[in-house]
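Coordinate analysis (summary)
Spelled out from the first residue to the last, the chains are:
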Amino acid sequence: MKIIKYPERRDWNEILKRPSIDSSSLEQTVKHVLQEVKEKGDEAVKRFTLQFDKAKINELRVGDKEINDAGNLLSDDLKKAIITAKNNIEKFHSVQLKDTEFVETMPGVECWRKAIAIEKVGLYVPGGTAPLFSTILMLGIPAMLAGCKEIVLCTPPNREGKLNAAILFTAKLVGITKIFRIGGVQAIAAMSYGTESIPKLYKIFGPGNQYVTCAKQWVQKEGVAIDLPAGPSEVAVYADETADPAFIAADLLSQAEHGIDSQVLFVTVQQLLIDEVINELDKQIVELPGKNIAVRALENSRIILVKNEIEAIDLLNEYAPEHLILACANADELAEKIVNAGSVFIGNYSPESAGDYATGTNHTLPTNGYAKAYSGVSVDSFVKKVTFQKLTEQGLKNIGKTVELMAEAEGLLAHKNAISVRINN
């Protein structure tokens, strides 16, 4: 990790840059796959699954027997863990459901806003190097709570054309039965355009590699909604002298193992703590199965020594991390000063991993600085809000003059007449 000491504010933008990728050749590949699936449907999906995933697929949709048998392949302990996480996530997300509130803005004029579920949604779950069955909980539970009528899950198969048992068990637990063994750009294309087997969906959710991310951004230009702009995973840690260096190193590595384009940031006012954390990183990284990935990710990462706590918080808000850990004595106080972050973990015993799996909060979060303007996935992500108004005859008379004057001032006389023809009748 590159160590930067006491950077000037004018240099923050430069030192906080995320790893960049040359996307020109990537976009050409993505556009080609999207167009082929759009034109040739299932045939193209199967062809690209063979090309990219080395799996020959006959039936895209997973049958009931394969889904029902998946639980037999998992240990009871793992199933209990998944059920515990499911219960916590359901408990946290269920309070996000709000009753419709009616407001009488003036006598005879009643307005309200109603949350209506998006009817057809697609969930993408990576299943290659890391089968992220936890993402099914994070996406499927709020989709179910919102009341989406059609929920489709796509995830890539292994070379035998099979899906990870934990993915199938978790999907069944949540209540998702439309599961397709396809991944990558071809999955995003199938859910966006529809094929003979896969329905066209209105909004697509879920993380993925740079090809999947590019595909989601591309179909968004064509009118398909996506959850949020998402790039490589990232974590920032702020720590003081009360933090445990082993905890900090473990938290940094927990994100570095996601991929070579991940980025981690460690900010502190303590020089001695930097040395201790580096020693811990060196010790812990050799034990990781994905050591080579983590090493590459750390090359994109930064340790930043700042003058004081105020500067640290300002810098972290400027970075707007996907995950932010506050490992310090006054973590509760500092958490109130955070305005840009996907999710915040307060105190030495709140590792980011806990939120990734089971605390109840959602792990589908904005990356690449988008936390300045975007929220993570919630029940709200699966609904749209429709406004309604109902005016009585007297209500229209009460508000009519206001609308007539404003419409006339804007030169929109037909707008004015839509009022006048009623109240002057």
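Up top you'll find the structure we're talking about.
Here's what I pulled together on the structure shown here. (Residues numbered from 1 in each chain as written. Predicted model: local features only at pLDDT ≥ 70, side-chain atom pairs only at ≥ 80, totals over all residues. Heavy atoms only, no water.)

A few words on the pairing of strand S12 (residues 323-327). In terms of burial, S12 is a largely internal element, five of the five residues being buried. Where strand S9 (residues 234-239) meets S12, five bridges bridge the pair, whose relative direction is parallel. Paired with Ala 236 across the two strands is Leu 324, which belongs to S12. (Buried < 20%, exposed > 50% of the residue type's maximum accessible area, 1.4 Å probe, protein only. Helix = DSSP H or I, 4+ residues; strand = E, 2+ residues; numbered from the N terminus. Pairing = 2+ DSSP bridges.)

Before going further, it helps to spend a moment on the environment of Gly 206. Relative to the elements of secondary structure, Gly 206 occurs in the loop between strand S7 (203-205) and helix H9 (210-221). Taking C-alpha positions, Gly 206 is 9.9 Å from Leu 153, a pair spaced 53 residues apart along the chain. Aside from chain neighbours lying at most four places away, what touches Gly 206 is Tyr 124, Leu 139, Lys 216 and Asp 227. (Contact = heavy atoms within 4.5 Å.)

Here the focus is the layout of surface pockets. Considered as a void within the structure, the second largest pocket measures approximately 330 Å³ in volume. Every residue lining the second largest pocket is counted, 17 residues in all, and those nearest its centre are Lys 98, Arg 113, Ala 115, Asp 380 and Lys 385. Only strand S3 (109-117), helix H6 (133-146) and strand S14 (383-391) provide two or more residues apiece to the lining of the second largest pocket. When grouped by side-chain class, the residues that make up the lining of the second largest pocket number eight nonpolar, two polar and seven charged. (1 Å grid on protein atoms, 1.4 Å probe; cavity = no way out; pocket = protein on both sides within 12 Å on 5 of 7 lines; lining within 4 Å. Points joined across faces, edges and corners; volume = space filled by probe spheres on them. Nonpolar A, V, L, I, M, F, W, Y, C, P; charged D, E, K, R; others polar.)

It is worth spelling out the environment of Gly 259 at this point. Structurally, Gly 259 is set in the loop between helix H10 (245-256) and strand S10 (263-268). Exposure remark for Gly 259: the relative accessible area of 11% places this residue in the buried category. Remark: the alpha-carbon pair of Gly 259 and Glu 322, spanning 63 residues in sequence, is separated by 15 Å. Setting aside its immediate chain neighbours within four residues, Gly 259 contacts Ile 293 and Ala 297.

Here the focus is the packing of helix H5 (residues 76-94) against helix H7 (residues 165-174). Packed helix pairs are characterised by how far apart their axes lie and by the angle those axes make with each other. For the pair H5 and H7, the least separation of the axes is 11 Å and the interaxial angle reads 40°. On the basis of the axis angle, H5 is oblique to H7. With respect to the hand of their crossing, H5 and H7 are arranged in right-handed fashion. Contacts between H5 and H7 involve Lys 79, Ile 82, Ile 83 and Lys 86 on the former and, on the latter, Phe 169, Thr 170 and Leu 173. Here the contact of H5 with H7 is composed, by residue class, of four nonpolar, one polar and two charged. (Axes fitted to C-alpha atoms, helices over the stretch in contact; angles between N-to-C directions. Parallel < 35°, antiparallel > 145°, perpendicular 65-115°, else oblique. Left-handed = near helix turned anticlockwise from the far one by under 90°.)

Considering all chains together, one arrives at six aromatic pairs under this definition. Look at Trp 112 and Phe 388: their rings are 5.6 Å apart centre to centre, the planes differ by 5°, and that puts the pair in the stacked class. A residue pair is termed long-range when its members are at least 10 positions apart, and Trp 112 in strand S3 and Phe 388 in strand S14 qualify at 276 residues. Residue class for Phe 388 comes out partly exposed when judged on its relative accessible area of 29%. Seen in terms of ring centroids, Phe 205 and Phe 382 are 3.9 Å apart; in terms of plane orientation they differ by 10°. Their pairing is stacked. Taken as a pair, Phe 205 in strand S7 and Phe 382 in the loop between helix H15 (352-357) and S14 lie far apart in primary sequence, 177 residues in all. Take Phe 205: its relative accessible area is 0%, and that puts it in the buried class. (Phe/Tyr/Trp six-rings, centres within 6.5 Å; stacked < 30°, edge-to-face > 60°.)

In the structure shown here, the tally under the stated rule is two cavities of 30 Å³ or more. The calculated volume of the largest cavity comes to roughly 50 Å³. With four residues, the single largest contributor to the lining of the largest cavity is H9. When its residues are assigned to classes, the lining of the largest cavity shows six nonpolar, four polar and one charged. By volume, the second largest cavity amounts to about 30 Å³.

Take it as geometry only, folks, not as evidence of what the structure does.
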